[in-house]
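Commentary on secondary and tertiary structure
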Amino acid sequence: MAEPGLLLIRGLGHSGSTILDLALGAHPQVVGLGEAVRVLSRPTADEAHKGPQQLRGQLRFERRCTCGAVAADCHVWGPILSWLPDHDDRPLAEKVNRLIEPLQAESPRWVVDSFQADEQLLKAQALGRPLRVIQLTRDVRSWVHSESRRGVVRRGRGVGVGWRSLLRWWRVNHRLDQLLKRSGHPVFRLGYEELALAPEPALQRLCHWLELDFDAAMLRPGMHSTSHILAGNRMRFEPGRSDAIRYDGAWMSSSALTLRLAPLLPPVARLNHQLVYSNGLLGKVWPSA
C-alpha cells in the first residue's frame, strides 16, 4: 500500500486555508487535517501561555472535529491526543506520521495540513512520504482591508493598522516565496480570488497537479468534506459559510489610502500578480494589481 502524500497549504493567515482544506477533503482520495501542526507542535517557553486554551491540556480532547465527533472519540485525533502528552518532545515529523497512521486503511492519495504559518514541515527530512505545497495568497487589498477591520474592531488600533498590515503582507509573502523556491518541493500557486471567484476551474487545475480526477463535490465543501479539522477557522461549522466557496468583496467599496496605493507600489504589485493571479482564471475584467 502506497504511503499517502502530505499536502501543505502555506501562506499568510486569514487567506482561505480552511475552506480550501474542506474543499480538498470533499475529494474521495483526499483527507484534510486542518491546522494539525498547530495542535501537534510543542509550544516554546514564550508560547506556553498563548494561543487558544482549547489546544492545550485536557481541553483539546473536548474540541469538536469536523467529522462530528469530539476529539477524544475521533478515530484520527483520539489516538494521537492520548499518545501526545508523554511524547511531546518527539520530532514534529514523527508526530505527523503517527497522526496519519489511522488513515492508512482508507488509502487516501493525499492528506492535508493547513496551518499556514508553519515552516517546520517544509524543512523536515524525515517524513518518508511525498510532499507538495499549495502557496495560497489573498489579494493584498482584500487582505489588508480584512486585517485593518479586524484590528480596529478587536484591538482598538488606529489608522496605522492599514500600513502595518500592508507591510506584513509584503514581508511574509515575499519571505515564504523565497523559502519555497529554495525548498525544492513542488509548489502550486493559488490565489484566493481565483479559488473563490472561479472555484471550478481553480480546483480542476489543482486536481490535475495532484494527479487526481476533479470531483464536483469539492464545490460544496461543507456538505461533502470528510476532513478531520480540529483547529482552523470556525466558519467550518457554519453551513451558510462552508456549504459553498464564496467571496467577500467588501474591500472594493473602501476608500482607504492603503488600498489605493498598494497597486502603485511596483514590488507589491508584482508579487500580488505573481502569487494571486498566476493561473489567469479571472481574465482582464477582474481588477488585479
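What you see is a predicted model; the values in this text were computed from it and never measured. (Residues numbered from 1 in each chain as written. Predicted model: local features only at pLDDT ≥ 70, side-chain atom pairs only at ≥ 80, totals over all residues. Heavy atoms only, no water.)

The next point concerns the overall build of the chain. Broken down by element type, the chain carries 13 helices and 5 strands. Buried residues in the chain amount to 51% of all 289 residues. In the chain, the proportion of contacts linking residues at least 24 apart, taken out of those at least 6 apart, comes to 77%. Accessible surface for the chain amounts to roughly 13600 Å². Of this, 51% is attributable to carbon and sulfur atoms. (Helix = DSSP H or I, 4+ residues; strand = E, 2+ residues; numbered from the N terminus. Buried < 20%, exposed > 50% of the residue type's maximum accessible area, 1.4 Å probe, protein only. Contact = heavy atoms within 4.5 Å. Areas by Shrake-Rupley, 256 points an atom, 1.4 Å probe, with all protein chains shown as cover.)

This next bit is on the state of the cysteines. By the definition in use, this model includes 0 disulfides. In this model Cys-65 remains outside any disulfide bridge; the closest cysteine sulfur is found in Cys-67, 3.6 Å from its own. By relative accessible area, which is 39% here, Cys-67 ends up partly exposed. (Disulfide = S-S within 2.5 Å.)

Moving on to the pattern of salt bridges. Once their charged atoms are close, side chains differing in charge can pair, the charge on each being opposite to the other. Within the structure shown, the criterion is met by 12 salt bridges. The partner of Arg-10 in a salt bridge is Asp-118, with the nearest N and O atoms 2.9 Å apart. Linking Arg-10 in strand β1 (residues 5–11) with Asp-118 in the loop between β3 (110–113) and α5 (120–123), this pair joins segments that are 108 residues apart in sequence. Exposure remark for Arg-10: the relative accessible area of 0% places this residue in the buried category. Between Asp-177 and Lys-181 there is a salt bridge; the shortest N-O distance is 3.3 Å. Here Asp-177 and its partner Lys-181 are both found in helix α7 (residues 161–183), 4 residues apart, which amounts to about one turn of the helix. Given the relative accessible area of 3%, Asp-177 is considered buried. (Salt bridge = Lys/Arg side-chain N within 4 Å of Asp/Glu carboxyl O.)

Right, let's talk about unusual backbone geometry for a bit. Negative phi characterises most residues that are not glycine, and trans characterises most peptide bonds. In this structure, His-14 is a non-glycine residue whose phi angle is positive, near 60°. Assignment of secondary structure puts His-14 in the loop between β1 and α1 (17–25). We note that Ser-107 has phi near 50°; this positive angle belongs to a residue other than glycine. Positionally, Ser-107 belongs in the loop between α4 (92–100) and β3. Taking the relative accessible area as the measure of exposure, Ser-107 reaches 42% and is therefore partly exposed.

With 42 residues, the main nonpolar core has Leu-20, Leu-24, Ile-134 and Leu-206 as its most contacted residues. Those residues within four positions of Ile-134 in sequence are excluded, and the remaining contacts are Leu-7, Leu-8, Ile-9, Arg-10, Leu-20, Leu-24, Phe-188, Leu-190, Leu-206 and Trp-209. Counting residues in each nonpolar core, the second largest holds 35 residues, with Phe-61, Leu-92, Leu-176 and Leu-179 among its members. (Core = buried A, V, L, I, M, F, W, Y, C linked by side-chain atoms within 4.5 Å.)

So, on to the sheet that holds strand β2 (residues 30–32). Overall, parallel pairing links the 5 strands, which are arranged β2-β3-β1-β4-β5 in an open sheet. Edge positions in the sheet fall to β2 and β5 (187–191), since each of these pairs with one other strand and no more. The average angle at which neighbouring strand axes cross in this sheet is 25°, direction not considered. Bridge count between β1 and strand β4 (residues 131–137): 6 bridges; the pairing is parallel. Bridging across to β4, Leu-6 finds its partner in Leu-131. (Pairing = 2+ DSSP bridges. Axes fitted to C-alpha atoms, helices over the stretch in contact; angles between N-to-C directions.)

Neither face of β3 is left uncovered, since the one carrying Trp-110 and Val-112 and the one carrying Val-111 and Asp-113 both have all their residues buried. Two elements, β1 and β3, share 4 bridges in a ladder whose sense is parallel. Bridge pairing links Leu-8 to Asp-113 in β3. Sheet analysis places β2 next to β3, joined by 3 bridges and oriented parallel.

What follows concerns the packing of α7 against helix α13 (residues 266–276). Contact geometry of α7 with α13 gives a least axis separation of 11 Å together with a crossing angle of 55°. With respect to their mutual orientation, α7 and α13 come out oblique. You can see that α7 and α13 cross each other, and the crossing is left-handed. Residues Leu-166, Trp-169, Trp-170, Asn-173, His-174 and Asp-177 of α7 touch α13, and the partners they reach there are Pro-267, Val-268, Leu-271, Asn-272 and Leu-275. Taken together, the residues of the contact of α7 with α13 sort by class into 7 nonpolar, 3 polar and 1 charged. (Parallel < 35°, antiparallel > 145°, perpendicular 65-115°, else oblique. Left-handed = near helix turned anticlockwise from the far one by under 90°. Nonpolar A, V, L, I, M, F, W, Y, C, P; charged D, E, K, R; others polar.)

A few words on the pairing of β1. The element β1 is extensively covered by neighbouring structure, given that 7 of its 7 residues are classed as buried. Side-chain alternation along β1 places Gly-5, Leu-7, Ile-9 and Gly-11 on one buried face and Leu-6, Leu-8 and Arg-10 on a second face that is also buried.

Don't take any of this as a statement about function, it's just geometry.
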